[in-house]
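Fold and contact review
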Amino acid sequence: MYREGRPRRKTFPINLIVDGGVALVVGGGQVGRRKVRQLLEAGATVELVCPEAVAELSVLAEEGRIRWTRRPFRAGDVSGHLMVFACTDDKHLNRAILDEARAARVPCCCADGNWSDGDFTTPAIARSGDMQVAVSTSGQSCTAARDLRNEIAALLAERKNLELVVLGTSDALLPSRKRAPFHLPAEERAAVGRLITRVRGVREFVILNTCNRVEIAVVASPEPEVVDVLKRLTALNRLREEEYFCLRGYEAFRHLVRVTSGLESSLLGEFHIVSQVKDAFDEAEANGWSGSAIRTLGAETMRVSKAVRHAVEGMLRVAEIDQVAVRYLSVHGGLDANTHVVVIGTGMVGKGAVEALVRAGAQVTWAYHVHKPDFPRTVQLADLGTALADADIVLSAVDSATPVVTPEMRAAVADRNVLFVDLGVPRNIDPFYDDWGHGVTVADLDDLKLWHRVKTGVLNEVLSKADAVIRAEYRAPEN
């Protein structure tokens, strides 16, 4: 790539303001043509000195965009110019131009072997609107500089055409039993994130993984191939088209706002999703998946979702999943001082459920994995089978890749009318119990969602109001 023995000159990169200045280009060949084009793009006034010139330079002169003196270079031509480019095919003439410019204290660039004795060089430049990126190899390889410039130019073109895309699935399209395999626990999420960073055309992204949805929001080039690769990386390509969504532009933004407002949740208007969305954007930042575009998206999503919540707050009976689960238990299981409930999981949902159950007067045993909660009756997951022996209700909300209530525990609950409420995704209660009978009844997130929505019944009116707010607040991104 680099030539042995080629001069190496250290340079200081600057952006020179030439607007209104007069630059002299000596030589009307292809090199001179490129220099003239670059100077015109920078706003300089260009004077060309040469007997003959390529067609493009002739046209520029005819249009009055440059001044063309049709004769060979003469002593004194460099006087009064901001800079000089020696671009002839005669190295001796180029050297003479350089010497005269040096004597006249006018900076000169030689476009041949004399370059290392000149005052400046011009790098390979990639432009996109007002953005430009310059590449230099200290004179070692013009080819390497041009190749890298071309790669950067392609990236700038992609950046100019970026759009927001949201790809995923949720409980609205896929029941929990089918949705579970697509959820991404922390380690899998990190692994998928590393792969997405390598997808050409994806600039930034965030992954949102909750109990009722898994989706990625990406700022990417609009080519269909980009989405095809993302579908394969997230395994969504295994689903039918009606089982996942792919939204772009405003529709993608509206979706994110509705999600963050709790209007796409299993429980209309729930607040847990706000902290989950914030955590997702924080994770993207920590892992280097996000930049200015995703950070702006996160801020705008939070801002508009707050406005939506304010607009619809009087229309909703807002409830969190732990609250709805306890209401469901009150109706279907009965809660009093004689009811023994085993709560599995010490996260936000588990903690909320325990607090609500204690207020309802039930007897509660809290099952934990590592961190023992400050609570009178606790049991480790390893001893869960023992705790189930006198349970009337089992409510599970733990983050686990495999069920924590396994078929091997069935003897502890057989023939005792035990109600299982499974809030986990993936499932916490082994599907074995769904049809097992023996007095065991299982309700999952989908069952609670249907029960709660039947009780509220205001979804269409709320979404219509929310969409009006989103349209009013939406700020189209600038390329």
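You'll find the structure just up there.
The present account deals with the structure reproduced in this document.

1. Structural notes on the packing of helix 9 (residues 272–286) against helix 10 (residues 292–312)
It is at 10 Å that the axes of helix 9 and helix 10 come closest, and there the two elements cross at 170°. Taken together, the axis directions place helix 9 and helix 10 in an arrangement best described as roughly antiparallel. Contacts between helix 9 and helix 10 involve Ile273, Val274, Val277, Lys278, Phe281 and Glu285 from the former and Ile294, Arg295, Leu297, Gly298, Met302 and Arg309 from the latter. Of the residues belonging to the contact of helix 9 with helix 10, the class tally is 7 nonpolar, 1 polar and 4 charged.

2. Here we look at helix 1 (residues 30–41)
With 12 residues, helix 1 should cover 16 Å at 1.5 Å per step; its first-to-last C-alpha distance of 17 Å lies within 8% of that length. Along its buried surface, helix 1 packs onto strand 1 (22–26), strand 2 (45–49), helix 2 (55–62) and strand 4 (83–86). Residue glycine 43 follows helix 1 closely and has a positive phi angle near 90°.

3. Considerations on the packing of aromatic side chains
Following the criterion strictly, the structure yields 9 aromatic pairs and no others. An angle of 75° between the planes, with centres 5.4 Å apart, marks the rings of phenylalanine 420 and tyrosine 433 as edge-to-face. Placement of phenylalanine 420 in strand 16 (residues 419–422) and of tyrosine 433 in the loop between strand 16 and strand 17 (441–444) is noted, with a sequence separation of 13 residues between them. Judged by relative accessible area, phenylalanine 420 falls into the buried class, the value being 0%. The interplanar angle of 35° and the centroid separation of 5.6 Å between the aromatic rings of phenylalanine 432 and tryptophan 436 together place this pair among those described as tilted. With relative accessibility at 18%, the residue tryptophan 436 sits in the buried group. Feature note: the residues Phe420, Phe432, Tyr433 and Trp436 constitute an aromatic cluster, connected by ring pairs.

4. Regarding the packing of helix 11 (residues 321–332) against helix 12 (residues 348–359)
For any two helices packed against each other, one specifies the inter-axial angle together with the distance between the axes. Where helix 11 contacts helix 12, the axes come no closer than 8 Å and their chain directions differ by 40°. The orientation of helix 11 with respect to helix 12, classified from their angle, is oblique. Handedness of the crossing formed by helix 11 with helix 12: right-handed. In contact with Ile321, Asp322, Val326 and Leu329 of helix 11, helix 12 contributes Met348, Val349, Gly352, Ala353, Ala356 and Leu357. The residue inventory of the contact of helix 11 with helix 12, partitioned by class, reads 8 nonpolar, 1 polar and 1 charged.

Here is what the cut-offs are and how they apply
- Each chain has its residues counted from 1, running along the sequence as written.
- Predicted model: local features are reported for residues with pLDDT of at least 70 only, side-chain atom pairs are reported and counted for 80 or more only, and whole-chain, interface and lining totals are derived from all residues.
- Neither water nor hydrogens contribute to the side-chain values; these are computed over all heavy atoms in the structure.
- For every element, the axis is a line fit to its C-alpha atoms; helices are fit only across the contacting stretch, and the angle between N-to-C directions ranges from 0 to 180 degrees.
- A run of DSSP states H or I qualifies as a helix once it reaches four residues; a run of E qualifies as a strand once it reaches two. Both are numbered from the N-terminal end.
- Angles below 35 degrees are treated as roughly parallel, those above 145 as roughly antiparallel, those between 65 and 115 as roughly perpendicular, and all remaining angles as oblique.
- In this description, contact between two residues means that some pair of their heavy atoms is separated by no more than 4.5 Å.
- Throughout, the ten residues Ala, Val, Leu, Ile, Met, Phe, Trp, Tyr, Cys and Pro are labelled nonpolar, Asp, Glu, Lys and Arg are labelled charged, and all others, Gly among them, are labelled polar.
- The span you would expect from a helix comes to 1.5 Å times its residue count less one.
- Put simply, two rings from Phe, Tyr or Trp (the six-membered ring, in Trp's case) pair if the centres are within 6.5 Å, and we call them stacked under 30 degrees between planes, edge-to-face over 60, tilted for the rest.
- Here the term buried applies to any residue with accessible area under 20% of the maximum for its type, exposed to any over 50%, and partly exposed to those in between, with areas from a 1.4 Å probe on protein chains only.
- With the far helix as reference, a near helix turned anticlockwise by less than a right angle produces a left-handed crossing, and one turned clockwise produces a right-handed crossing.

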